[in-house]
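If you want the building blocks of each chain, they are given just below.
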Amino acid sequence: MALVRLVASFGAGGVLYLTPIVFHQASFSAQSVTQGLALAALAGTAGRFLSGMLLDRGLACSIPVLLAALAALLGDLRLFGTASFPGYVQGQLLIGIAAGLYWPAVELAVPLGCRMGPAPIPTARGYALVRSADAAGIAAGALLGALLAAAGHLRGIYLIDIICLLLVVVLLLKQPLQRASPTSFDPADHTPWRQWLPPLLPLLAISLLATSLPALMQSALPLDLVRGGLERAAMPESLGALLVGLQLGVLVLIQWPVGQALAKRPIAQGLGLSLACFAMGTVLLAFSALSSQGLWLVLLAQLPLALGAAAFLPIATAAVIELSPREHQGLAMALFSQCFALSALGAPLLAGLALDAQRHAGGFWIGMTLLCLAGLNLVKRLRPRPAADFGSKGVS
């Protein structure tokens with residue numbers, strides 16, 4: 001499972017983080033670029049629900065991932081060969097559909113794999129491992145994309161992704177992912193949604209806020225860097241890509257130890273730390289626009305932003321599994337995955353409007369800081385959780 005995610009993330013790293021720069025080179029406005037990203041997020045919403053419902057009915061996790069690989073391959077081919085807005089939108093829609101099919105399946109495969117074999121492992125440890133694989137792959141892919149940008153071949157990121165997608169298909173055909181045990185469809189045997197959904201709502205609200213930050217790192221930050229701030233000079237596209245890669249590189253180094261440490265602590269601590277770090281990172285980005293030496297503040301901001309992502313991703317995902325009954329874990333994971341889609345839909349649109357309306361994104365980053373600080377109140381609303389297999393001690 002970790003190898004599949006490492007390879008998939010390596011290909012996706014350049015596509016996710018550097019596509020805004022590709023189409024900035026094609027003279028697209030910030031609003032046009034972020035509209036395409038938002039449409040991709042919208043396209044993924046139906047795929048997430050479909051994937052989750054089928055997984056709850058016993059579909060092997062490999063099937064949605066293979067379908068996602070096909071959609072992403074077609075999207076890469078379209079984005080590689082177009083410089084028009086309709087072609088850009090078509091490619092982004094295919095990428096969004098691929099993401100919608102992919103995430104519920106690969107996330108649910110983690111606890112299924114942790115339960116297999118003679119020595120089951122805690123779910124949170126499994127999520128820390130696969131998130132480390134995600135981080136390593138995305139960082140390496142984004143850094144390779146930065147090298148391609150420096151060489152003047154930035155669109156090569158789509159060819160890299162195509163190769164990685166083909167490798168994912170080969171890996172899954174050789175060793176398919178686990179299948180959830182099909183459950184009875186007798187309503188009497190299922191936990192009513194009124195019992196399992198309400199405890200998830202505070203977590204989903206926090207997730208909607210926290211997942212907007214990675215979406216903005218993929219969309220608003222690259223554009224902010226290459227356009228410049230009020231006093232901060234515009235950066236070359238290759239340097240902007242390298243700065244984005246820096247945060248991903250830091251995430252690679254800290255994801256495993258942070259995920260391991262927080263897996264042994266209450267979920268509220270991990271989520272609170274994540275929001276506080278996101279607030280610190282965004283306020284540094286805001287002040288970077290106001291200084292001619294703002295590059296140093298951008299560099300400094302990458303540390304808390306990486307720590308925020310490392311704290312949030314494995315803990316929140318493991319909490320979804322703990323708080324949902326086994327027969328609804330596919331749908332619960334789809335709801336959690338929708339937070340990524342919804343934040344990727346709304347956050348880039350707002351960022352694009354702010355970037356086109358102002359010379360800098362300072363006000364926008366300050367707004368994100370205030371939202372992250374307000375989100376700390378949601379952490380207090382998380383209900384105490386029963387003991388689960390991933391070793392957490394509960395919310396309170």
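Our subject is the structure listed above.
The model shown is predicted, which means the values in this text are computed figures rather than measured ones.

Engineer: How should the overall build of the chain be read in this particular structure?
Structural biologist: A count of helical and extended segments in the chain gives 15 helices and 0 strands. For the chain, whose C-alpha radius of gyration is 20 Å, the value lies close to the compact-globule estimate of 21 Å for 396 residues. The principal-axis extent of the C-alpha atoms belonging to the chain is close to 60 × 45 × 35 Å. Looking at the 396 residues of the chain, the share that counts as buried comes to 57%. For the chain, restricting intrachain contacts to residue pairs at least 6 apart in sequence, the fraction spanning at least 24 positions comes to 84%.

Engineer: Looking at this structure, I do not really get the environment of Gln25. What am I missing?
Structural biologist: For Gln25, the location among the structural elements is in helix α1 (residues 2-25). Separated by 244 residues in the primary sequence, Gln25 and Gln269 have C-alpha atoms spaced 42 Å apart.

Engineer: How do you make sense of the packing of aromatic side chains when you look at a structure like this?
Structural biologist: Two measures describe an aromatic ring pair: the distance that separates the ring centres and the angle between the ring planes. Going through the model one piece at a time under the given rule, you end up with 9 aromatic pairs. Look at Phe23 and Tyr88: their rings are 4.4 Å apart centre to centre, the planes differ by 45 degrees, and that puts the pair in the tilted class. Highlighted residues: Phe23 in helix α1 and Tyr88 in helix α4 (residues 85-115), separated in sequence by 65 residues. Judged on exposure class, the residue Phe23 and its partner Tyr88 are both buried.

Engineer: Where do I start with helix α6 (residues 156-174) in this structure?
Structural biologist: Helical geometry note: an α-helix holds 3.6 residues per turn, so side chains three or four residues apart project in the same direction. Along its 19 residues, α6 runs 28 Å from first to last C-alpha, staying within 8% of the 27 Å computed at 1.5 Å per residue. Turning to α6, its buried residues are Gly156, Ile157, Tyr158, Asp161, Ile162, Cys164, Leu165, Val168 and Leu172. Lining the buried residues of α6 we find α1, α3 (62-80) and α5 (123-150).

Engineer: Can you help me understand unusual backbone geometry in this one?
Structural biologist: The phi angle of most residues is negative, glycine excepted, and most peptide bonds adopt the trans form. The phi dihedral of Ser27 is positive, around 70 degrees, even though this residue is not glycine. With respect to the helices and strands, Ser27 occurs in the loop between α1 and α2 (30-56). On the basis of relative accessible area, Ser27 is assigned to the exposed category, the value being 66%.

Engineer: Which parts of the structure should I look at to understand helix α10 (residues 220-227)?
Structural biologist: Of all the 8 residues making up α10, 7 are buried; the element is thus mostly covered by neighbouring parts of the structure. Those residues of α10 not exposed but buried are Ala220, Leu221, Pro222, Leu223, Asp224, Leu225 and Val226. Gly228 lies just past α10 and shows a positive phi near 90 degrees.

Engineer: Honestly, the packing of helix α8 (residues 201-210) against helix α15 (residues 362-379) in this entry has me stumped. Any pointers?
Structural biologist: The axes of two packed helices give the description: the angle between them and the distance between them. Contact geometry for α8 and α15: axes closest at 10 Å, N-to-C directions at 165 degrees. In terms of orientation, α8 lies roughly antiparallel with respect to α15. Classified by chirality, the crossing of α15 by α8 is left-handed. Within the contact between the two elements, α8 uses Pro202, Ala205, Ile206 and Leu209 and α15 uses Leu371, Cys372, Gly375, Leu378 and Val379. A breakdown of the residues in the contact of α8 with α15 according to their chemical character gives 8 nonpolar, 1 polar and no charged.

Engineer: In this structure, what is going on with the side chain of Asp76? I would like to understand it.
Structural biologist: Summarising the element assignment, Asp76 is placed in helix α3. No salt bridge is formed by the buried Asp76; the nearest opposite charge belongs to Arg155, separated by 11 Å. The contacts of Asp76, once residues within four sequence positions are left out, are Val15, Ile95, Tyr158, Asp161, Ile162 and Leu165.

Engineer: Honestly, the environment of Ala146 in this entry has me stumped. Any pointers?
Structural biologist: When you line up the elements, Ala146 lands in helix α5. A relative accessible area of 2% means that Ala146 is categorised as buried.

Engineer: Any chance you could explain the state of the cysteines here in plain terms?
Structural biologist: By definition, a disulfide links two cysteine residues through a covalent bond between their sulfur atoms. One pass over the full model with this rule turns up 0 disulfides. Left without a disulfide partner, Cys339 is nearest to the cysteine sulfur of Cys372, which lies 15 Å away.

Reading the values: the criteria
- Residues numbered from 1 in each chain as written.
- Predicted model: local features only at pLDDT ≥ 70, side-chain atom pairs only at ≥ 80, totals over all residues.
- Heavy atoms only, no water.
- Helix = DSSP H or I, 4+ residues; strand = E, 2+ residues; numbered from the N terminus.
- Rg over C-alpha atoms; globule rule 2.2 N^0.38 Å.
- Buried < 20%, exposed > 50% of the residue type's maximum accessible area, 1.4 Å probe, protein only.
- Contact = heavy atoms within 4.5 Å.
- Phe/Tyr/Trp six-rings, centres within 6.5 Å; stacked < 30°, edge-to-face > 60°.
- Expected span 1.5 Å × (residues − 1).
- Axes fitted to C-alpha atoms, helices over the stretch in contact; angles between N-to-C directions.
- Parallel < 35°, antiparallel > 145°, perpendicular 65-115°, else oblique.
- Left-handed = near helix turned anticlockwise from the far one by under 90°.
- Nonpolar A, V, L, I, M, F, W, Y, C, P; charged D, E, K, R; others polar.
- Lys, Arg positive; Asp, Glu negative; His and termini not counted.
- Salt bridge = Lys/Arg side-chain N within 4 Å of Asp/Glu carboxyl O.
- Disulfide = S-S within 2.5 Å.

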